[in-house]
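Secondary and tertiary structure notes
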Amino acid sequence: MPTAASRPDPGHQLVVVANRLPVDTRTLPDGATEWVTSPGGLVTAMESVMRTVESGAWVGWAGSPGEPPEPFEADGMSLYPVRLEQEDIERYYEGFSNATLWPLYHDVIVDPEFHRTWWGSYVGTNRRFAREAAAVAEEHGTVWVHDYQLQLVPRMIRDERSDVRIGFFNHIPFPPVELFSQLPKRNQILRGLLGADLVGFQRESDAQNFVAAVRKLLGYHVDGQTISVPGLGAAPVREVVAQTFPISIDSASISALTEDPEVRERAVQLRKDLGDPQKIVLGVDRLDYTKGIRHRLKAWGELLDDGSVDPQDTVMVQVATPSRERVEAYKQLRDEVELTVGRINGDHSSIGRPAVSYQHRSFDRRDMTALFMTADVVLVTALRDGMNLVAKEYVASRPDLQGVLVLSEFAGAADELRAAVTVNPHDIDDLKAAILRALTMPPEEQEESMRSLRHQVMENDVQAWAHAFLHELEQIGRPEQVAKPVIRLTGDEPSDPEAVESALRDFATVPRILVASDFDGVLAPIVADRDAVQPDPEALMALRDLSEMPGVAVALVSGRALSNLDSHTSMPSSVVLVGSHGAEVGALPPWMQAEVLDSAALTMSPEKEDLLAAITGNLNRISRAHPGAEVETKPAAAVLHTRNARGRGSINATEAALEYAVTLPDVTVTPGKEVVEFSVVHTSKGAAIDALARASAADAWLYLGDDVTDESVFSQLGEGDVGIKVGGGDTAARLRIEDIDAVRSLLQRLVELRGPQG
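These lines cover the structure that appears in this document, whether it is placed above or below. (Residues numbered from 1 in each chain as written. Predicted model: local features only at pLDDT ≥ 70, side-chain atom pairs only at ≥ 80, totals over all residues. Heavy atoms only, no water.)

**Here we look at the overall build of the protein chain**
Filter applied, for reference: Strands here mean DSSP runs of E at least two residues long; helices mean DSSP runs of H or I at least four residues long; both are numbered from the N terminus. Using a 1.4 Å probe on the protein chains alone, a residue whose accessible area is under 20% of its type maximum counts as buried, one over 50% counts as exposed, and one in between counts as partly exposed. Throughout, a residue-residue contact means that at least one pair of heavy atoms, one from each residue, lies within 4.5 Å. Areas reported as accessible are Shrake-Rupley estimates using a 1.4 Å probe. Residue values count occlusion only from the protein chains shown. Positive residues here are Lys and Arg, negative ones are Asp and Glu, while His and the chain termini are left out of the count. Charged side chains are reduced to one point each, which is NZ for Lys, CZ for Arg, CG for Asp and CD for Glu.
Helix and strand counts for the protein chain come out as 25 helices and 29 strands. The principal-axis extent of the C-alpha atoms belonging to the protein chain is close to 95 × 65 × 45 Å. For the protein chain, the proportion of its 758 residues judged to be buried stands at 56%. Taking the intrachain contacts of the protein chain between residues at least 6 apart in sequence as the baseline, contacts between residues at least 24 apart amount to 69%. Just so you have it, the protein chain exposes about 31500 Å², and 49% of that area is on carbon and sulfur atoms. The distance from the centre of the 72 positive side-chain charges to the centre of the 113 negative ones in the protein chain is 3 Å.

Written out as structure tokens, the structure is:
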């Protein structure tokens with residue numbers, strides 16, 4: 001509970017900067033007021049983070065215009081209110097933030113407004129936030145700035161406090177460069193954000209849009225997700241990282257509420273209050289034009305009109321929380337929504353039984369959880385949304401593994417909640433079909449879907465999100481240290497078959513999995529003539545079978561060039577092929593997030609082309625000096641193969657290549673089994689598996705590898721992941737099997753365990 005105090009001492013280890021403070025005022029029966037902690041997700045995340053630092057502060061607006069209250073303490077945080085006048089609220093908040101930036105960043109669902117006086121207020125207000133944050137951060141401390149209202153703050157803090165680490169997280173979408181380019185003062189916004197060391201986004205596509213805007217509009221050098229920002233005057237170039245950190249909820253506390261007897265009783269009463277219908281369909285949104293409420297009501301009305309839904313059996317509840325009611329677009333939206341609800345109820349309601357129960361008010365957390373427990377179907381039909389936490393709250397509220405989530409593909413949550421019924425809300429027929437599918441989904445299918453959804457939501461909560469962002473921010477700019485390899489297995493002895501079987505059984509029960517494998521030495525024997533290789537047909541068939549199963553993604557990740565890998569495997573489109581140690585990615589299944597892999601895919605500049613040509617020439621000279629050695633060229637790499645070199649030629653050629661590698665600090669050099677690869681694109685099999693796991697929203701992955709190049713995968717094994725070394729040698733994998741025959745048997749066993757009879 002917040003308490004009044006004298007001004008806290010400045011010098012805080014972590015300073016959070018957001019538009020609002022994490023507290024609200026509450027009027028007591030005697031007319032006095034007190035501060036109460038806000039229920040928002042960001043507040044919940046910061047509570048756990050603040051417990052890990054010696055001193056934490058929060059800078060934000062207290063919620064009322066005019067003179068702000070004195071700084072005070074609340075739940076272990078020092079709160080520093082920022083002053084906003086009524087004119088600032090109208091121009092900075094309602095104007096530039098919510099009538100210019102908000103619609104522009106949400107795909108111009110409504111036209112953004114541009115007024116020069118709004119920009120002046122936006123700059124001035126951002127400066128007030130920045131000065132307060134700069135004044136209270138300790139030397140070499142951390143400042144974390146949040147959201148679109150404060151995009152200039154990172155640069156302003158940087159100008160005053162070059163010693164601090166600065167992170168920025170954008171909670172809403174970042175638009176494609178074609179839309180962002182419409183924004184007056186667009187370059188100032190980009191430079192403001194680039195004052196941060198780390199810029200975080202909800203989705204991979206948002207991060208890609210930001211990087212593209214920086215490259216096109218500012219002309220800064222970009223390498224993957226790292227942006228080189230020129231220093232002023234003699235200042236050195238700074239590197240800024242753009243990265244994805246999907247936000248979440250306090251899933252454990254919401255799930256725990258479902259066990260509260262009062263909440264359970266409330267859920268039962270809500271269904272009675274609605275007339276004990278067979279099905280309850282629920283929508284919960286802020287009353288905002290981005291949420292697709294009008295599209296949802298149109299689809300629902302048509303389902304009632306054509307008799308697909310009987311209002312005596314099924315009722316819809318629409319919660320529309322009041323939002324920005326002084327803004328004209330929101331006033332108009334409320335009129336349209338309430339007119340539509342009135343028409344539907346006039347046409348289809350009976351006395352005492354509305355077809356749509358419309359609630360234009362806020363619900364507290366306990367009542368909202370009861371609503372989620374009651375709902376058979378929840379509709380999240382956002383036209384554009386950074387994340388949409390309602391989807392995750394519904395999943396956290398269903399430990400009974402029942403209920404169906406219908407989720408817009410334009411909500412950030414769709415990237416993670418792949419087991420939901422996804423829908424294009426702009427397509428009313430598609431939306432109607434999705435609603436009908438949800439209403440008729442059998443209980444066993446609901447359970448399978450909800451199990452996968454809950455695994456994602458419960459394992460990735462808001463505390464994990466905050467800690468992941470701050471950990472990444474802490475690592476940026478630190479000198480890179482060569483980590484000692486993690487060795488889990490030594491020698492050549494295969495693992496206990498019972499241990500392998502147990503790992504496979506556990507893995508097969510995970511809702512969404514990625515199964516990936518190296519090619520040479522795992523699915524096919526290593527041979528002198530690379531083009532004469534013959535993979536094991538039964539092992540490939542097992543991978544094909546796995547790729548057709550629900551919740552299973554399959555990939556082959558090889559050092560071979562993509563075209564070469566494809567020609568030797570002839571895998572269907574359901575299997576992703578990754579060549580050149582991750583630098584080349586083949587065609588993706590339609591359900592996989594292409595933008596995640598786009599960020600890791602091959603990008604060759606003219607400078608890299610020239611470097612690759614020079615490397616190829618030097619490796620050719622080495623191969624000519626050692627007969628039998630040969631050079632293979634790939635789109636982003638050159639490879640020296642020494643397997644066929646005569647006598648000591650293999651060893652000598654390898655040593656010559658590694659001596660040459662010392663002169664190439666910007667090239668990734670990977671020694672393998674009688675090969676040395678020189679890649680001008682910084683990638684690895686480990687990075688490829690990480691990207692594949694995110695692109696497929698996998699809850700866990702299994703990887704089979706035999707080479708030193710596979711250790712980058714094994715070294716990042718997480719809880720629930722399965723790493724299997726094929727053959728001998730020290731490894732970071734947890735399990736070892738003997739050979740290709742064992743690989744075939746293992747994959748066939750996984751097919752059995754994952755299949756319908758498993």
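**Re the nonpolar core**
The tendency in soluble globular proteins is for nonpolar side chains to be buried as a group. For the record, the criterion: By convention a nonpolar core is built from buried Ala, Val, Leu, Ile, Met, Phe, Trp, Tyr and Cys residues, the set being connected through side-chain atoms within 4.5 Å.
In this structure, Phe-129, Ile-189 and Phe-210 are the most contacted members of the largest nonpolar core, which totals 95 residues. With 69 residues, the next largest nonpolar core counts Ala-18, Val-43, Ala-375 and Leu-401 among its residues.

**So, the sheet that holds strand β6 (residues 77-82)**
How we decide: Strands qualify as paired when DSSP identifies two bridges or more between them. Note on geometry: axes are lines fitted to C-alpha atoms, helical ones only across the stretch in contact, with angles between N-to-C directions running from 0 to 180 degrees.
Ordered by their spatial adjacency, 10 strands build an open sheet running β5-β6-β4-β1-β7-β8-β9-β12-β11-β10, and the pairing between neighbours is mixed. This sheet does not close on itself; its edge strands, each paired only once, are β5 (72-74) and β10 (221-223). Mean inter-strand twist for the sheet, computed between neighbouring axes without regard to direction, equals 25°. In this sheet, strand β11 (residues 226-229) lies alongside β10 in antiparallel orientation, the contact comprising 3 bridges. Bridge pairing links His-221 to Ser-228 in β11. Along the sheet, helix α16 (residues 462-475) makes contact with β1 (12-20), β7 (137-146), β8 (165-169), β9 (198-201) and β12 (238-244), crossing β8 at roughly 140°.

**A few points about the packing of helix α21 (residues 606-625) against helix α22 (residues 649-661)**
Note the threshold: Put simply, angles under 35 degrees are roughly parallel, angles over 145 are roughly antiparallel, angles from 65 to 115 are roughly perpendicular, and the rest are oblique. Crossings are classed by handedness, with left-handed meaning an anticlockwise turn of the near helix from the far one by less than a right angle and right-handed meaning a clockwise turn. Residues were grouped as follows: Ala, Val, Leu, Ile, Met, Phe, Trp, Tyr, Cys and Pro as nonpolar; Asp, Glu, Lys and Arg as charged; and all remaining residues, including Gly, as polar.
It is at 10 Å that the axes of α21 and α22 come closest, and there the two elements cross at 150°. The pairing of α21 with α22 is recorded here as roughly antiparallel in orientation. As α21 packs across α22, the resulting crossing turns out to be right-handed. Judged by residue contacts, Ala-614, Ile-615, Asn-618, Leu-619 and Ile-622 of α21 engage Ala-653, Ala-656, Ala-657 and Tyr-660 from α22. Split by residue class, the contact of α21 with α22 holds 8 nonpolar, 1 polar and no charged.

**Looking at the packing of helix α9 (residues 261-273) against helix α12 (residues 365-374)**
Relative to each other, α9 and α12 sit at 55°, their axes nearing to 8 Å. The orientation of α9 with respect to α12, classified from their angle, is oblique. As α9 packs across α12, the resulting crossing turns out to be right-handed. Between α9 and α12, the contacting residues are Glu-262, Val-263, Arg-264, Arg-266, Ala-267, Leu-270 and Arg-271 on the first element and Arg-366, Asp-367, Thr-369, Ala-370, Leu-371, Met-373 and Thr-374 on the second. Residues of the contact of α9 with α12, tallied by class, amount to 6 nonpolar, 2 polar and 6 charged.

**Quick notes on helix α14 (residues 428-439)**
Here is the rule: Each residue after the first adds 1.5 Å to the expected span of a helix. Arc definition: it is the arc formed by the directions from the helix axis to the C-beta atoms. Pairs of N or O atoms within 3.5 Å make up the polar contacts considered here, provided that, within protein, one atom can donate a hydrogen while the other can accept it, and that residues adjacent in sequence are counted only when both atoms are side-chain atoms.
Given a rise of 1.5 Å per residue, 12 residues ought to cover 16 Å, and the 17 Å separating the end C-alpha atoms of α14 matches this to within 8%. Residues of α14 that are buried include every one of Ile-428, Leu-431, Lys-432, Ala-434, Ile-435, Ala-438 and Leu-439, and no others. The buried side chains of α14 occupy one side of the element, clustering within an arc of 160° when seen end-on. Taken together, the buried residues of α14 touch β13 (279-286), α10 (293-305), β14 (314-321), β16 (377-380), β17 (404-408) and β18 (421-423). Measuring from the side-chain oxygen of the N-cap residue of α14 to the backbone nitrogen of Asp-429 gives 3.2 Å; that N-cap residue is Asp-427.

**Considering the packing of aromatic side chains**
Going by this rule: Side-chain rings of Phe, Tyr and Trp (the six-membered ring for Trp) are treated as a pair once their centres are within 6.5 Å; stacked means planes under 30 degrees apart, edge-to-face means over 60, and tilted covers the remaining angles.
Scanning all chains against the criterion turns up 21 aromatic pairs. Measuring from ring centre to ring centre gives 6.5 Å for Tyr-92 and Phe-129, while their planes differ by 40°; the resulting arrangement is tilted. On the criterion of sequence distance, the pair formed by Tyr-92 in helix α2 (residues 86-105) and Phe-129 in helix α3 (residues 116-136) is long-range, its members being 37 residues apart. A relative accessible area of 0% means that Tyr-92 is categorised as buried. When the centroid spacing of 5.9 Å and the interplanar angle of 25° are considered together, the rings of Trp-119 and Tyr-122 count as stacked.

**A few points about the side chain of Arg-754**
Threshold: We count a salt bridge whenever a side-chain nitrogen from Lys or Arg sits within 4 Å of a carboxyl oxygen from Asp or Glu.
Along the chain, Arg-754 falls in helix α25 (residues 740-754). Among buried Asp, Glu, Lys and Arg side chains, Arg-754 stands out as unpaired, with Glu-448 the closest opposite charge at 6.4 Å. Here Val-510 takes part through its backbone oxygen, which lies 2.5 Å from a polar atom of the side chain of Arg-754. In this view, Arg-754 contacts Phe-507, Ala-508, Thr-509, Val-510, Pro-511, Arg-512, Ile-513, Met-549, Pro-550, Gly-551 and Val-552; residues no more than four positions away in its chain are not counted.

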